[in-house]
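Here's the letter readout for the chains.
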Amino acid sequence: MSTIALAAPAAMPGAPARTSGYLVLAPSCLVLTIFFALPMGTMIGMSFMDAQTLSPTLFNYQRFFSDGLSLAGLYRTAVMSILVAVCVTVLGYPVAYYLARSRSRWRALVFALALAPELAGVVLRTYGWLIILEDRGFINDMLTHLGVIASPLPLSKNLFAVVVGLTHVVLPFGILSLTTSIQGIDPNLERAAQMLGASRLAVVRHIILPLSVPGIVSSLLIAFTMAASAYATPALLGGARFKVLATMIYEQVLFYIDWGFAAVMAIALLIMMLMISFLGIRYEARRSSRRSNREGGAS
Amino acid sequence: MNSFDIELVSVSKSFAGIPVVQDLNLQIPRGEFVSILGPSGCGKTTTLNMIAGFNTPSAGDVRVRGKSQNRIPPERRNLGLVFQNYALFPHMTVIENVGFGLRMRGTPKAEIGQAVDAALRSVRLDGFGSRYPKALSGGQQQRVALARAIAPRPSVLLLDEPLSNLDLKLREAMRIELKEIQEQLDMTFVYVTHDQEEAMAMSDRIVVMWQGAIAQQGEPASIYRNPATRFVADFVGRSNILSVRRSIPGPTVLELCIDGTQIVLRSDCAGNSAVQSCCIRPESIALLNGSDAGAGGQNRLDGVVRRIVNLGAHVELLVEVANGLSLTVLVPSSRSSLVPELASTVTLGIDPQDVQVLSD
Ligand SMILES: Nc1ncnc2c1ncn2[C@@H]1O[C@H](COP(=O)(O)OP(=O)(O)OP(=O)(O)O)[C@@H](O)[C@H]1O
Ligand SMILES: [Mg+2]
């Protein structure tokens, strides 16, 4: 694509080059229109429609803000997604650092292990967690047998279980984005810092962490959006006791057949994710422009 | 207590069984500017990394100020290192970069400020303190890297080809500056380079490395004048290297029969009959006028000019003195009236003291 855009002006200067540049984008624009813009438009349209009469109404929005349950669902979704984003990034960082820097022969193995869960599929992995965390699951069984506890710990059907399950599902994506970012940091910077007397910890704190902020931000964003839009894991591990927007939307569509209200909840979810992404991207843009635009008083 | 800042004692290093540095013995006295000179891949960076602590020797011992550095991590060796690609911290201003070392040592803020100012002044970069590295030219970044390394006043500064990314003019200017800074701070400099001119220009001592071992070490002038081996003669400066068929030690001079020719050269060098090659620097060969007989004991060779190359300050002649044997001769351009025509016959004069015997 860029080759054409760059090469064309030399051959035939002026407008034709530009048109051919845009022409290349046409297929992807078409695909996006059909599979993204159209459903999106339909959904927004439905949110303003009464379920029975199909006449325009603001009722769905009123209900979302007044029934209490919906806002609580939004809040739970936000809390869950933030926790998952933080867990994924914190747990993924050391692995990513190892993957980015190690030259040991175990590296390939760790890399495979870090990404292998992705091959198992979401549902399978979530069932795995269910078996471990259930009231009559592995952990509770063992602790009861050992006599540590009398009644099962509340390990499933709650925020904890969902965050654990989602962290596991999303972790590989966080690791990938962090690894890429850390790989982009010149290893000589770490050596330079060491030569200047910085301990391993100081190197991480003063060099690696600040320079991998773009990776941290993107890991947080990816994990947040993946968690907020996840359905299977919250459905299985949260169940009816811990409902998030994704499971509530599903419920509206399948059990209540209220497409309009489901659309409003979907839009709320979408807006939340867009806002978070926007904040993250703006933060990153500000940070990098601060660094490159500032120029001191040269003599 | 000895006065060596750095000592390498029979140091060897191999990577996955492949020897890269072999049995290196090196002593670097306090306050000296020592260059490690060698072709690409000879193990210079590996050696420097062992001194810095990033590589552990496979065998032998690295000592800093008399103390073995075995198991001492780089951050506790109190050495400075300037990288080829500068490795400035992109998220810190020049001031923060230069102050980093002192900050890590827990120096009080006010002192850091003063030390940073002093370091920036010594590399002539005052006024650039609030810039980020991105907003500096390559030469300026180089100076910041130097300032950052010297600000904590390490006892020894290691430099790994620090000038190789600069253009020729700047490189030549920086050579002089580096030497001045080193003398001012009275710091030991270990300077790694593959540029023999650079090493010549700055060093108190040059260590020529080849294939992971020291080929020769000594003062720049003595290395240039008396290269010990074929490799050194070839790598340091330009030279005519001739294979010797037979050498006849005499009471005052050594007679060398040059391989494949009838030529016999006299040399002042002490030598035995096992000598296999000798070297003659192109600038030590004189063009003799027909009338000019030259000094008494001089070697005289007749030859035909086969090629003339103008190098600016010098004119380089390729003179065929025998079938299959040509000598390169350098004539200063200021004496261009002496330069003969192409294909003309000339007489070359070579002082016996300029015929250097090589051990190989
Ligand atoms: N980590 C490593 N693993 C395997 N081989 C290595 C490693 N580091 C260096 N080598 C090899 O050791 C040899 C010497 O490398 P070194 O970097 O010391 O060369 P150098 O003299 O600094 O060369 P240059 O002038 O090109 O920088 C090279 O052949 C290189 O391939
Ligand atoms: Mg090197």
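What counts and what doesn't
- Residues numbered from 1 in each chain as written.
- Chains lettered and ligands numbered in written order.
- Predicted model: local features only at pLDDT ≥ 70, side-chain atom pairs only at ≥ 80, totals over all residues.
- Heavy atoms only, no water.
- Helix = DSSP H or I, 4+ residues; strand = E, 2+ residues; numbered from the N terminus.
- Buried < 20%, exposed > 50% of the residue type's maximum accessible area, 1.4 Å probe, protein only.
- Contact = heavy atoms within 4.5 Å.
- Areas by Shrake-Rupley, 256 points an atom, 1.4 Å probe, with all protein chains shown as cover.
- Lys, Arg positive; Asp, Glu negative; His and termini not counted.
- Charge placed at Lys NZ, Arg CZ, Asp CG, Glu CD.
- Polar contact = N/O pair within 3.5 Å; in protein donor to acceptor, adjacent residues only side chain to side chain.
- Near = heavy atom within 4 Å.
- Nonpolar A, V, L, I, M, F, W, Y, C, P; charged D, E, K, R; others polar.
- Pairing = 2+ DSSP bridges.
- Core = buried A, V, L, I, M, F, W, Y, C linked by side-chain atoms within 4.5 Å.
- Expected span 1.5 Å × (residues − 1).
- Domains from an automatic or database assignment.
- Buried area = accessible area lost by both parts, 1.4 Å probe.
- Salt bridge = Lys/Arg side-chain N within 4 Å of Asp/Glu carboxyl O.

## Some words on the overall build of chain B
When helices and strands are counted, chain B shows eight helices and 20 strands. Considered along the principal axes of its C-alpha atoms, chain B spans approximately 75 × 45 × 35 Å. Evaluated residue by residue, chain B yields a buried proportion of 51% over its 360 residues. Counting contacts in chain B only where the partners sit at least 6 residues apart, residues at least 24 apart contribute 65% of the total. Accessible surface computed for chain B: about 16100 Å², of which carbon and sulfur atoms make up 48%. Where the 35 positive side-chain charges of chain B centre and where its 36 negative ones centre are 7 Å apart.

## So, unusual backbone geometry
All names here are of chain B. One non-glycine residue, D23, lies in positive phi territory at about 45°. In this structure, D23 sits in strand β2 (residues 18–29). Positive phi values are uncommon outside glycine, yet Y86 reaches one of about 70°. Note that Y86 resides in the loop between β6 (79–82) and α2 (94–104).

## Quick look at the side chain of A:S81
All names here are of chain A. Tracing the backbone shows S81 in helix α5 (residues 69–101). Overall, S81 belongs to the buried group, its relative accessible area being 0%. Among the polar contacts made by the side chain of S81, one reaches the main-chain amide nitrogen of A228 at a distance of 3.4 Å. S81 has contacts with F224, A227 and A228, leaving out every residue within four places of it along the chain.

## Considerations on the site of ligand 1
Taken together, A:R103, B:F15, B:V20, B:S40, B:G41, B:C42, B:G43, B:K44, B:T45, B:T46 and B:E161 make up the full set of residues near ligand 1. Neighbouring residues of ligand 1 are not confined to one chain but are distributed across chains A and B. Within the backbone of B:G43, one N or O atom sits 3.0 Å away from an oxygen atom of ligand 1. Between ligand 1 and the protein, one listed contact pairs an oxygen atom with a side-chain N or O atom of B:E161 at 3.1 Å. When ligand 1 sits alone it has 640 Å² of accessible area, and the protein chains cover 58% of it. For the shell around ligand 1, the element with the highest residue contribution is helix α1 (residues 44–52) of chain B, accounting for three residues. Here the residues of the shell around ligand 1 sort into three nonpolar, five polar and three charged.

## Quick notes on the sheet that holds strand β1 (residues 4–15) of chain B
Residues and elements named next belong to chain B. The sheet built from four strands is open, its strands ordered β2-β1-β4-β5 with antiparallel pairing. Each edge of the sheet is formed by a strand with only one pairing partner; in this case those strands are β2 and β5 (67–68). Of the pairings in the sheet, the one linking strand β4 (residues 59–64) to β5 comprises two bridges and is antiparallel in character. In the strand pairing of β5, V64 is matched with K67.

## Some thoughts on the nonpolar core
Formed by 50 residues in total, the largest nonpolar core has its most connected members in A:I207, B:L81, B:F89, B:F100 and B:L158. When residues in this core are grouped by element, the largest group, five residues, is from helix α12 (residues 200–211) of chain A. For A:I207, the residues in contact, after removing those within four places along its chain, are A:L189, A:A193, A:A202, B:F89, B:H91, B:M92 and B:F100. In terms of nonpolar packing, the next biggest core, distinct from the first, is built from 44 residues, A:V170, A:F224, A:L237 and A:M265 among them.

## Digging into helix α5 (residues 168–185) of chain B
For an α-helix the count is 3.6 residues per turn, leaving residues at separations of three or four pointing the same way. Helix length check: α5(B) (18 residues) gives 26 Å between terminal C-alpha atoms against 26 Å at 1.5 Å per residue, within 8%. Just downstream of α5(B), B:D186 is the residue with a positive phi angle, here 55°.

## Some words on the domain arrangement of chain B
Interface size is often expressed as the accessible area that is lost when the parts come together. Residue and element names in this part refer to chain B. For chain B, the domain assignment lists domain 1 (4–227) and domain 2 (238–358). Inter-centroid distance (C-alpha atoms) of domain 1 to domain 2 is 39 Å. Each partner contributes to the interface: domain 1 provides five residues, whereas domain 2 provides six residues. Of all residues in domain 1, Y224, N226 and P227 bury the most surface against domain 2, accounting for 91% of the area lost on that side. Run the count over domain 1 and domain 2 and you get zero salt bridges. Taken together, the residues of the side of domain 1 that touches domain 2 break down into three nonpolar, one polar and one charged.

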